Amino acid sequence: MFNFFKNKNTEKENLDQALKKSHDFKCVEYVNQKSNITFTLKFLATLIDELTIRESILPYLLEENFKQIEDVKQIIPLADVQISEDISLIEEKLFTGSIVLTINGKENKFCFLGAKKEIGRSVSLPEVEFSVIGPKESFVESLDQNLNLIRKRIPVKELIIEKVTIGTLSKTKVAILYIDGLTNLENVNTVRQRIEDIEFDEITDSSYIVQIISDNQNSPFPQLLDTERPDRISAILAEGKVAIFVDGSPHALIGPTTLVEFFSSFEDYYLNWILSSFFRLIRLFAVLFSVLVTPVYVATLSYHYELIPQDLMSTLVASRRAIPFPPILEALFLELTIELLREAGARLPTKVGQTIGIVGGIVIGTASVEAGLTSNILLIFIALAALASFTTPVYRIGNTIRLLRFPFLLFAEIWGLLGIVVCFCFLLTHLIRLTSLGRPYLQPLYPPRMQDLKDAFVRLSFDKLRKRPFLLDTQQPNRFHKKPAKVKKDIEE
């Protein structure tokens with residue numbers, strides 16, 4: 001908040017002088033004929049709903065008989081009516097969509113009338129985490145509307161919502177959600193402390209929060225899971241995690257989280273456990289294939305060609321006979337081409353982007369093979385690797401997978417398969433040291449937790465998921481108490 005002057009007598013005047021520079025600031029005087037008093041309304045026209053002024057404020061102020069500012073509460077049919085003597089509240093209320101009412105000659109008291117104009121889109125289909133089965137609602141940019149979607153799914157008094165305002169210029173509202181008596185208070189305190197300690201001028205999206213409060217800001221791996229699905233947030237709150245909402249962002253944050261969760265789609269819980277486990281294993285295999293297929297190709301052709309079967313060797317030799325470049329340059333050329341097509345498709349409008357991705361891939365791939373710049377076998381591997389990388393259900397981890405291929409390629413060119421192993425060791429060491437809100441990022445693999453493996457690489461049936469994740473150390477570790485099945489009684493004739 002701007003510091004105009006510490007003297008309270010001049011603070012209001014200086015605030016008026018500063019606001020008068022803005023075209024949308026309005027200061028209008030009215031006279032109530034019945035009580036013969038003059039009152040002033042001050043507001044920012046771009047934030048105020050004019051219909052509320054015309055129908056719910058002015059008619060009552062002009063026609064009803066009132067002499068004191070305290071009487072406004074009795075005559076105005078609005079829920080948000082506050083009376084205060086604190087001058088420092090004027091600026092805050094003006095910029096949050098309130099009208100400041102003062103009675104001339106009695107400016108020591110102010111009445112704040114809530115008349116905020118609500119501009120935003122309605123709840124729509126999820127765009128990033130779309131699912132065939134399950135709810136079709138997604139978060140929007142309105143914080144109150146997002147909280148409404150959660151309250152509707154968890155209608156209990158234990159659901160706690162704490163609000164914090166951050167950003168010296170943006171004054172962004174951040175909400176912290178958890179279930180009292182269930183969530184580990186250490187996790188709640190960690191989130192609250194890190195958000196309150198943020199010193200930044202402009203917070204426009206939850207992506208800022210992810211980068212600022214992460215345990216390791218230099219890691220390419222996301223340490224907080226973001227989602228646009230209300231059902232997913234409701235489920236993680238029931239597990240004992242903490243959710244973070246940012247006003248103006250359609251994505252909520254979840255913490256603490258683990259690496260395995262980034263490869264789990266919430267649609268898995270709407271399918272049979274056998275099917276969902278199969279799909280999870282496919283995603284994990286696709287990620288490994290996407291990262292390792294081109295490095296293994298480069299390492300094998302550069303150092304370990306004796307590992308290639310003879311039947312396949314003749315095909316590889318024929319495909320690379322006219323290629324003037326070593327395997328590393330060939331692979332880098334195609335990998336960078338795929339990344340260029342991805343970026344072009346993502347930045348262009350939807351219909352144009354899809355056309356660029358399909359046509360560009362076909363044309364460039366065919367032309368590079370016919371020109372003798374790349375082999376057709378590597379082109380197939382690159383296409384499969386790009387396709388496999390799209391199986392990740394979370395966008396942030398997909399970007400990390402795209403980046404990981406390049407260091408593996410460089411190590412494969414330097415030391416062959418040994419380089420791939422060395423690079424993997426570096427990666428594993430980094431993941432072991434990584435934490436999410438102070439919790440191990442690789443759990444349940446490290447430290448090993450057999451209990452949490454029931455919902456990691458595979459998802460067992462719900463009757464096996466009786467306990468909440470050990471990682472969260474919740475106050476109530478049991479989700480439900482398993483009861484023995486009752487024997488069906490025969491119908492008596």
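Up top you'll find the structure we're talking about.
The rules behind the values
- Residues numbered from 1 in each chain as written.
- Predicted model: local features only at pLDDT ≥ 70, side-chain atom pairs only at ≥ 80, totals over all residues.
- Heavy atoms only, no water.
- Helix = DSSP H or I, 4+ residues; strand = E, 2+ residues; numbered from the N terminus.
- Rg over C-alpha atoms; globule rule 2.2 N^0.38 Å.
- Buried < 20%, exposed > 50% of the residue type's maximum accessible area, 1.4 Å probe, protein only.
- Contact = heavy atoms within 4.5 Å.
- Areas by Shrake-Rupley, 256 points an atom, 1.4 Å probe, with all protein chains shown as cover.
- Lys, Arg positive; Asp, Glu negative; His and termini not counted.
- Charge placed at Lys NZ, Arg CZ, Asp CG, Glu CD.
- Pairing = 2+ DSSP bridges.
- Patch = residues over 30% accessible without salt bridge, like charges linked within 9 Å, V, L, I, M, F, W, Y side chains within 5 Å.
- Salt bridge = Lys/Arg side-chain N within 4 Å of Asp/Glu carboxyl O.
- Axes fitted to C-alpha atoms, helices over the stretch in contact; angles between N-to-C directions.
- Phe/Tyr/Trp six-rings, centres within 6.5 Å; stacked < 30°, edge-to-face > 60°.
- Lys NZ or Arg CZ within 6 Å of the ring centre and 35° of its normal.
- Polar contact = N/O pair within 3.5 Å; in protein donor to acceptor, adjacent residues only side chain to side chain.

(A) Molecular detail of the overall build of the protein chain. A tally of regular secondary structure across the protein chain gives 15 helices and 12 strands. The C-alpha atoms of the protein chain give 30 Å as radius of gyration, which overshoots the globular expectation for 493 residues (23 Å, by more than 25%). The principal-axis extent of the C-alpha atoms belonging to the protein chain is close to 105 × 80 × 50 Å. A total of 493 residues make up the protein chain; the buried ones form 43% of that total. In the protein chain, of all internal contacts separated by at least 6 residues, the share reaching a separation of at least 24 is 63%. Summing over all exposed atoms, the protein chain offers an accessible surface of approximately 26,900 Å²; the carbon and sulfur share of this is 59%. Positive and negative side-chain charges in the protein chain, numbering 55 and 58 respectively, have mean positions lying 4 Å apart.

(B) Broad picture of the pairing of strand S7 (residues 172–179). Most of S7 is tucked away, with 7 of its 8 residues classed as buried. Where strand S6 (residues 159–166) and S7 come together, 8 bridges link them in antiparallel fashion. For Ile160, the partnering residue across the bridge sits in S7 and is Tyr178. Between S6 and the antiparallel strand that follows it, S7, lie 5 residues; Gly167 among them carries a positive phi value of about 95°. Bridging between S7 and strand S9 (residues 242–246) involves 4 bridges; their strand directions are antiparallel.

(C) Focus on a positive patch on the surface. Together, Lys454, Arg466, Lys467 and Lys482 make up a region of like positive charge exposed at the surface. With respect to the element layout, Lys454 can be found in the segment after strand S12 (439–440). Residue classification places Lys454 among the partly exposed residues on the basis of a relative accessible area of 33%.

(D) Representation of the sheet that holds strand S1 (residues 25–32) within the structure. The antiparallel open sheet is built from 5 strands, whose spatial order is S1-S2-S4-S5-S3. Edge positions in the sheet fall to S1 and strand S3 (81–84), since each has one partner strand and no second. Strand after strand, the sheet turns through a mean of 25° between neighbouring axes, direction not considered. Here strand S4 (residues 98–103) pairs with strand S5 (residues 106–114) via 5 bridges, running antiparallel. The residue of S5 that forms the bridge with Val100 is Phe112. Relative to S1, helix H2 (residues 50–63) is tilted by about 40°, and along the sheet it contacts S1, strand S2 (37–44), S4 and S5.

(E) Structural view of the pattern of salt bridges. Tallied over the entire structure, the rule returns 23 salt bridges. Notably, a salt bridge pairs Arg402 with Glu339, separated by 2.7 Å at the nearest N-O pair. Linking Arg402 in helix H14 (residues 395–415) with Glu339 in helix H11 (residues 327–347), this pair joins segments that are 63 residues apart in sequence. For Arg402, a relative accessible area of 15% translates into the label buried. For Glu339, a relative accessible area of 13% gives the class buried. Each of the salt bridges in this network shares a partner with another, and the network as a whole consists of Glu335, Glu339, Arg342, Glu343, Arg402 and Arg405.

(F) Examining the packing of aromatic side chains more closely. In this structure the tally under the stated criterion is 13 aromatic pairs. Between the aromatic rings of Phe200 and Tyr208, the centroid separation amounts to 6.1 Å while the plane-to-plane angle is 65°, which identifies the pairing as edge-to-face. Owing to a relative accessible area of 31%, Tyr208 belongs among the partly exposed residues under this scheme. Ring-pair connections join several aromatic residues into one group, and the members of that group are Tyr30, Phe39 and Phe66. The lysine or arginine in question, Arg342, covers the ring of Phe390, its NZ or CZ lying 4.5 Å from the ring centre.

(G) The sheet that holds strand S8 (residues 225–227), seen in detail. Taken in spatial order, the 5 strands make up an open sheet running S6-S7-S9-S10-S8, and their pairing is antiparallel. With one partner strand each, in any of the chains shown, S6 and S8 form the two edges of the open sheet. The mean inter-strand angle of the sheet, taken between neighbouring strand axes irrespective of direction, is 25°.

(H) Looking closely at the pairing of S9. Burial runs high along S9: 5 of the 5 residues are buried. Across 3 bridges, S9 lies against strand S10 (residues 252–255) in antiparallel orientation. By the bridge assignment for S10, Val242 is matched with Gly255. In this antiparallel pair of consecutive strands, S9 and S10, the connection spans 5 residues, and Gly248 shows a positive phi of 95°.

(I) How the structure looks around the side chain of Ser249. Looking at the element boundaries, Ser249 is found in the loop between S9 and S10. Taking the relative accessible area as the measure of exposure, Ser249 reaches 2% and is therefore buried. A polar contact is formed between the side chain of Ser249 and the side chain of Asp205, at a distance of 3.0 Å. Of the polar contacts made by the side chain of Ser249, one reaches the backbone nitrogen of His251; its length is 3.3 Å. Among residues more than four places away in sequence, those in contact with Ser249 are Val140, Glu141, Asn146, Asp205 and Ser206.

(J) Here's a closer look at unusual backbone geometry. A cis geometry characterises the amide bond from Gln443 onward to Pro444, with omega recorded as 15°. One can find Pro444 in the segment after S12. Residue Asn36 is not a glycine yet carries a positive backbone phi of 55°. Mapped onto the secondary structure, Asn36 falls in the loop between S1 and S2. If you check the backbone angles, Leu437 has positive phi at about 55° while not being a glycine.

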